[in-house]
Amino acid sequence: MRIENSFIPVRGVGELTEQRLWENGITHWNEFDGSVVGETLADRIDAFIEEGWTHLDRGDVSVFADQLPASSRWRLYENVRENACFLDIETTGLDANRNRVTTVSVHRGGETKTFVNGQDLTCERLETELERSSLLVTFNGQRFDVPFLETCYDLDVSVPHVDLLYPCKKLGLDGGLKAIEREIGIGREMPDLSGRDAVRLWHEYERGDDAALETLVEYNRADTENMKPLMETVADRLHRQVFETCCPPR
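In short, a report on the structure. Everything numeric here is computed off the predicted structure, so don't read it as measured data. (Residues numbered from 1 in each chain as written. Predicted model: local features only at pLDDT ≥ 70, side-chain atom pairs only at ≥ 80, totals over all residues. Heavy atoms only, no water.)

Digging into the overall build of the protein chain
In terms of regular secondary structure, the protein chain is built from 10 helices and 5 strands. Structurally, the protein chain occupies a C-alpha span of about 70 × 35 × 30 Å along its principal axes. Of the contacts formed within the protein chain by residues at least 6 apart in sequence, a portion of 63% connects residues at least 24 apart. Summed over all atoms, the accessible surface of the protein chain reaches about 12,200 Å², with 43% contributed by carbon and sulfur. (Helix = DSSP H or I, 4+ residues; strand = E, 2+ residues; numbered from the N terminus. Contact = heavy atoms within 4.5 Å. Areas by Shrake-Rupley, 256 points an atom, 1.4 Å probe, with all protein chains shown as cover.)

A closer look at the packing of aromatic side chains
Taken as a whole and judged by the stated rule, the model has 8 aromatic pairs. Measuring from ring centre to ring centre gives 6.3 Å for tyrosine 77 and phenylalanine 86, while their planes differ by 70°; the resulting arrangement is edge-to-face. For phenylalanine 86, a relative accessible area of 1% puts it in the buried group. (Phe/Tyr/Trp six-rings, centres within 6.5 Å; stacked < 30°, edge-to-face > 60°. Buried < 20%, exposed > 50% of the residue type's maximum accessible area, 1.4 Å probe, protein only.)

Quick notes on the side chain of threonine 103
Here threonine 103 lies in strand β2 (residues 101-108). What makes threonine 103 buried here is its relative accessible area of 0%. Within the structure, the side chain of threonine 103 is placed 2.9 Å from the side chain of asparagine 220, a separation counted as a polar contact. (Polar contact = N/O pair within 3.5 Å; in protein donor to acceptor, adjacent residues only side chain to side chain.)

Let's talk about a negative patch on the surface
Together, Glu39, Asp43, Asp46, Glu50 and Glu51 give the surface a local cluster of negative charge. Within the element layout of this structure, aspartate 46 appears in helix α2 (residues 39-57). A relative accessible area of 38% means that aspartate 46 is categorised as partly exposed. (Patch = residues over 30% accessible without salt bridge, like charges linked within 9 Å, V, L, I, M, F, W, Y side chains within 5 Å. Salt bridge = Lys/Arg side-chain N within 4 Å of Asp/Glu carboxyl O. Lys, Arg positive; Asp, Glu negative; His and termini not counted. Charge placed at Lys NZ, Arg CZ, Asp CG, Glu CD.)

Regarding unusual backbone geometry
For asparagine 140, which is not glycine, the phi dihedral falls at a positive 65°. Residue placement: asparagine 140 occurs in the loop between β4 (135-138) and α6 (141-153). When its relative accessible area of 23% is taken as the criterion, asparagine 140 is described as partly exposed. Here the phi dihedral of aspartate 154 falls at roughly 55°; this positive angle occurs in a residue that is not glycine. On the secondary structure map, aspartate 154 appears in the loop between α6 and β5 (161-163). A residue is classified by how much of its surface remains accessible, and aspartate 154, at 67% relative accessible area, is exposed.

Some points on the nonpolar core
Within the largest apolar cluster, 52 residues are counted, with the highest numbers of intra-cluster contacts made by Phe7, Phe32, Ile45, Phe64, Phe139, Leu230 and Met231. Here this core gets 8 residues from one element, more than from any other, and that element is helix α10 (residues 210-244). With residues near it in sequence (within four places) discarded, leucine 230 still touches Phe139, Leu164, Cys168, Leu177, Ile180, Ile184 and Ile186. Leu121, Val146, Leu149 and Tyr153 belong to the second-largest nonpolar core, a separate cluster that totals 20 residues. (Core = buried A, V, L, I, M, F, W, Y, C linked by side-chain atoms within 4.5 Å.)

A short note on helix α9 (residues 195-206)
Here α9 is 12 residues long and its end C-alpha atoms lie 17 Å apart, about the 16 Å a rise of 1.5 Å per residue gives. Among all positions in α9, only Asp197, Ala198, Leu201, Trp202 and Tyr205 are buried. Relative to the axis of α9, the buried residues are bounded by an arc of 140° and lie together on one face. Against the buried residues of α9 lie β1 (84-91), β2, β3 (111-116) and α10. With its phi angle positive at about 110°, glycine 208 sits one or two positions after the end of α9. (Expected span 1.5 Å × (residues − 1). Arc of directions from axis to C-beta.)

By themselves, these figures tell us nothing about what the structure is for.
This is the structure:
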């Protein structure tokens with residue numbers, strides 16, 4: 001599924017209208033001829049497609065992110081997958097006004113970087129990583145990671161954002177990241193730790209245990225790196241659910 005297969009970012013087009021277009025063989029912007037919808041909506045779709053190509057030529061998917069519901073933003077991934085940034089943070093608690101970010105890991109283009117509080121975790125480093133990315137992918141980041149970073153580092157995170165929590169729910173995948181990983185068969189090499197363990201490890205590091213920081217960083221990196229196969233699995237399953245159900249391969 002690519003953005004060019006999608007019509008629901010257009011004002012007035014919902015999933016039912018999009019499916020009707022697909023069922024009539026209009027599965028790509030290039031195939032749209034206005035024959036399936038009314039004249040007013042056809043004009044709106046034509047204008048959207050013309051403007052949409054301009055954004056895609058620039059590698060900018062932000063306009064589509066703004067027009068898609070959170071559970072459908074997975075459609076953005078295929079267009080910018082090489083420049084998608086998977087991000088996860090660890091903190092000392094749940095309140096950004098009282099607690100601190102301890103580590104932040106970002107995974108992009110096959111490389112993972114981890115920034116540590118008191119070492120190299122700064123507003124400037126985070127801004128640089130986000131500016132280099134066409135898409136931000138998190139798990140529960142819309143409610144937790146992004147607001148936490150914005151509060152603690154005075155950031156304005158404006159990168160188009162896919163929060164995997166919502167498309168996972170659309171597939172009936174409930175629970176936390178690690179529970180969903182187990183359900184769909186994504187493995188981890190390290191022991192199963194929790195957010196509470198992450199807090200404990202940070203405090204042990206502050207008391208002088210460097211090995212605790214190494215474990216915390218491994219845990220944070222595993223969360224981040226495992227979001228990539230999760231994103232790909234979710235995108236594939238939802239593609240089959242919303243597209244191939246009404247338009248089976250010929």
